[in-house]
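# Observations on the model geometry
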Amino acid sequence: MERQVVHVESHLLNPPRQSGTKRRSPQKPFAARCVSELGGNTSNHGHRSKTPRRGIRSAKEPSKRKNMADNTIIAWTDHTFNPWMGCTKVSAGCAHCYAETMSTNLMGKGIWGPNAPREITKGPWKNVKSWEKAAATGTPGLLNNGRHLVFTGSMMDHAEDRPDLVEPRARMWQTIRECPHLWFQLLTKRPENIVRFLPEDWGQGYDNVWLGTSIEDMRVAERADHLRGIPAPVRFISYEPALGPLNDLDLAGIDWVICGGESGSGYREMDLQWARDMREKCEDAGIAFFFKQSAAKKTETGIELDGEIVRNFPNPRLSGTVPMMMVK
Ligand code: SF4
């Protein structure tokens, strides 16, 4: 089924914060609104086409998000959905996990580590249904040509292997099936578990689910191997916080790369050349590249890459089994 596209300009409250690959005056980052939810970083690359390649869509993003459904400052999604909260650190990218800091210091919860319980949430499940209702009735998302993006797991890892997560994970999949007008972005640092935890009717993938893994440096590059063979409309890599070059990373089977330096107190520096190189790798391979920000204390700092905002989204491979959002 052909998906209709809505232009988000009419929903902007201010001039667009970005437009795919857009050249801007090289200074001011957009205002940080809160604690960083994910890292970011900057890089640049002198000469490149402003026209996205086939299979890649640019997105316009508002400078403010007043959409009723918005609940996140993460630049590459509209919403966050956490079926549960809590996790265990698995690699260097987890060292400054904002979710652990937030849950421990701000929420006073003891839900991190292998021996701590996970907390099954309540409200977020209702939020998802409200976003689905809004999407189904024509309220567009703000980033992705009108289709609402839902980052599933900003305070947890959907592929964590624990007996107490079997039931909530089954509920998560059921909720995803019940929300065909949303696009769920499932990101994990445990991609070796993804296949085991997919629902039985996954087949060639749900049209409304993107699968991703985080790769902060080449020490965990094998995560891409676990991901690239799994059928999905979009397979993506989160290269944030970028902690080292990924020049030797095999991007075969990957549709989208999000690149960003770490943010928050004690952030680790990144070399902008890493982002430039990844941008070039993506361009050479026809892969959508999204540059989030430089390494910085505040999120959304240094979002330009050599004076350009480069925030592209992929075009999902769809089977047509899930109804597409129809927006006039
Ligand atoms: S996998 Fe993600 S949520 Fe879990 S500790 Fe690492 S960074 Fe935090």
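Preceding this paragraph is the structure being described.
So, how was this worked out
Residues numbered from 1 in each chain as written. Predicted model: local features only at pLDDT ≥ 70, side-chain atom pairs only at ≥ 80, totals over all residues. Helix = DSSP H or I, 4+ residues; strand = E, 2+ residues; numbered from the N terminus. Contact = placed C-beta atoms within 7 Å. Pairing = 2+ DSSP bridges. Axes fitted to C-alpha atoms, helices over the stretch in contact; angles between N-to-C directions. Core = buried A, V, L, I, M, F, W, Y, C linked by C-beta atoms within 7 Å. Buried ≥ 20, exposed ≤ 12 C-beta atoms within 10 Å, placed from the backbone. Near = placed C-beta within 6 Å. Nonpolar A, V, L, I, M, F, W, Y, C, P; charged D, E, K, R; others polar. Expected span 1.5 Å × (residues − 1). Arc of directions from axis to C-beta.

Here the focus is the overall build of the protein. Regarding its fold elements, the protein presents six helices and 15 strands. Counting contacts in the protein only where the partners sit at least 6 residues apart, residues at least 24 apart contribute 80% of the total.

Strand order in the open sheet formed by seven strands is E5-E8-E9-E10-E11-E12-E13, and the pairing between neighbours is parallel. The open sheet is flanked by strand E5 (79-81) and strand E13 (288-293), the only strands paired with a single partner. On average, each strand axis in the sheet is tilted by 25 degrees relative to the strand beside it, whichever way the strands run. Across five bridges, strand E8 (residues 148-152) lies against strand E9 (residues 182-188) in parallel orientation. Residue pairing across strands places His 148 opposite Leu 182, the latter belonging to E9. The sheet strands contacting helix H6 (residues 272-285) are strand E11 (234-239), strand E12 (256-260) and E13, and the helix crosses E13 at an angle near 160 degrees.

With that settled, consider the nonpolar core. In this structure, Val 150, Trp 210, Tyr 239, Val 257, Cys 259, Met 278 and Phe 289 are the most contacted members of the largest nonpolar core, which totals 65 residues. Filtering out sequence-adjacent residues up to four positions away, Val 257 remains in contact with Phe 236, Ile 237, Tyr 239, Met 278, Cys 282, Ile 287 and Phe 289. Ranked by size, the runner-up nonpolar core spans eight residues in total, among them Trp 84, Met 85, Ala 99 and Leu 165.

The subject of this paragraph is the site of the ligand. In the vicinity of the ligand, the contacting residues are Cys 87, Lys 89, Val 90, Cys 94, Cys 97, Ala 99, Glu 100, Asp 157 and Lys 189. Classifying every residue of the shell around the ligand gives five nonpolar, no polar and four charged.

With respect to burial, E8 is a largely interior element, five of its five residues being buried. Burial along E8 is two-sided: the residues His 148, Val 150 and Thr 152 and Leu 149 and Phe 151 are all buried. Judged from the three bridges that link them, E5 and E8 form a sheet pairing that is parallel. If you follow Thr 80 over to E8, its bridge partner there is Phe 151.

Before going further, it helps to examine helix H2 (residues 123-136). Compared with an ideal rise of 1.5 Å per residue, which puts 14 residues at 20 Å, H2 spans 20 Å between its outermost C-alpha atoms and is within 8% of the ideal. Of the residues making up H2, those classed as buried are Val 128, Trp 131, Glu 132 and Ala 135. Buried residues along H2 cover an arc of 100 degrees about the axis, so they all sit on one side. Seen from the open side of H2, the exposed residues pointing more than 90 degrees away from its buried face are Gly 123, Lys 126 and Ser 130. Buried-residue contacts for H2 involve E5, E8, helix H3 (166-177) and E9. Gly 138 occupies a position one or two residues after H2 and carries a positive phi of about 100 degrees.

Attention now moves to helix H1 (residues 98-106). Those residues of H1 not exposed but buried are Ala 99, Glu 100 and Ser 103. End-on view of H1: buried residues confined to an arc of 100 degrees, all on one side of the axis. Exposed side chains of H1 directed beyond 90 degrees from the buried face belong to Asn 105 and Leu 106. Lining the buried residues of H1 we find strand E6 (84-85). The first or second residue beyond H1 is Gly 108, which carries a positive phi of 70 degrees.

Don't take any of this as a statement about function, it's just geometry.
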